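# Coordinate inspection notes
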Amino acid sequence: GDVRETPAMTVCHMLMQDGAVVHVYDPKVQKEEALIEFRYHELQVDESKLVFSDSPKDAVDGAHAIVVLTEWDEFKKYDYGEFYTKMMKPAFVFDGRGILNRPQLEGMGFEVHTIGQAQGAMPIPEPPVVAKRLTIAESVQSTTGKVILVTGTAGFVGFHA
């Protein structure tokens, strides 16, 4: 498979740098090819944090999130309901290509983030009777209780407890 200049390399590297163990399912790319590309771009990789799975079911088992970074039709046809049951909750889907059925995934219980699509409107809470100065962390808490961190120009959204 061809992994030259793929955004998946950057996303995987960022996740691993954040301490994640990244399980990859890619029917066309082998781990050795990915490692060569990481080295070419002088990106250090702890190989114990980069696991290539034999199937998408193996890759999602116990995962916090699914990140879709390719447009292949194969990824549209998976049983995401089955994936949801194998994942930790809350379960996230990051659709980097805008190919998945967002309402269907949300109906299953996923929190879905799709490139180029805004999240649904959040209810505006009633203002407190007595104003309280919020910390930065308190002011950016999402409805899931996670802090949302949006970094620089990369547009990467990470969820940190």
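So, a few notes on the structure that sits alongside this text. Worth saying up front: this structure is predicted, and the values here are computed from it rather than measured.

A separate point is the pattern of salt bridges. Tallied over the full model, the rule gives three salt bridges. The partner of Lys-57 in a salt bridge is Glu-82, and the shortest N-O contact between them spans 3.6 Å. Taken together, the residues Lys-57 in helix α3 (residues 56–60) and Glu-82 in helix α4 (residues 80–86) connect sequence positions 25 residues apart. Residue Asp-73 is joined to Lys-76 by a salt bridge in which the shortest nitrogen-to-oxygen separation is 3.1 Å.

Aromatic ring pairs: the centre-centre distance and the angle between the two ring planes describe each pair. In this structure the tally under the stated criterion is eight aromatic pairs. Plain terms: the ring middles of Tyr-25 and Phe-75 are 6.5 Å apart, the flat faces sit at 55° to each other, and that makes the pair tilted. Here Phe-75 lies in the loop between β3 (65–68) and α4 and Tyr-25 lies in the loop between β1 (22–24) and α2 (31–40), a separation of 50 residues in the sequence. Accessibility expressed as a relative area gives 9% for Phe-75, which makes it buried. On the basis of an interplanar angle of 55° and a centroid distance of 5.7 Å, the ring pair of Tyr-78 and Phe-83 is categorised as tilted. Assigned by exposure class, Tyr-78 and Phe-83 land together as buried. Chaining the aromatic ring pairs together yields one cluster made of Tyr-25, Trp-72, Phe-75, Tyr-78, Tyr-80 and Phe-83. Cation over ring: Lys-89 sits above Tyr-84, and NZ or CZ is 4.4 Å from the ring centre.

This part takes up α2. Here α2 has its buried residues at Ala-34, Leu-35, Glu-37 and Phe-38. End-on, the buried residues of α2 take up no more than an arc of 160°, which puts them together on one face. Those residues of α2 that are exposed and angled more than 90 degrees off the buried face are Glu-32, Ile-36, Arg-39 and Tyr-40. The elements touched by buried residues of α2 are α1 (7–17) and β2 (50–52). In the segment just after α2, Glu-42 is the residue with positive phi, at about 55°.

So, how was this worked out
- Residues numbered from 1 in each chain as written.
- Predicted model: local features only at pLDDT ≥ 70, side-chain atom pairs only at ≥ 80, totals over all residues.
- Heavy atoms only, no water.
- Salt bridge = Lys/Arg side-chain N within 4 Å of Asp/Glu carboxyl O.
- Helix = DSSP H or I, 4+ residues; strand = E, 2+ residues; numbered from the N terminus.
- Phe/Tyr/Trp six-rings, centres within 6.5 Å; stacked < 30°, edge-to-face > 60°.
- Buried < 20%, exposed > 50% of the residue type's maximum accessible area, 1.4 Å probe, protein only.
- Lys NZ or Arg CZ within 6 Å of the ring centre and 35° of its normal.
- Arc of directions from axis to C-beta.
- Contact = heavy atoms within 4.5 Å.

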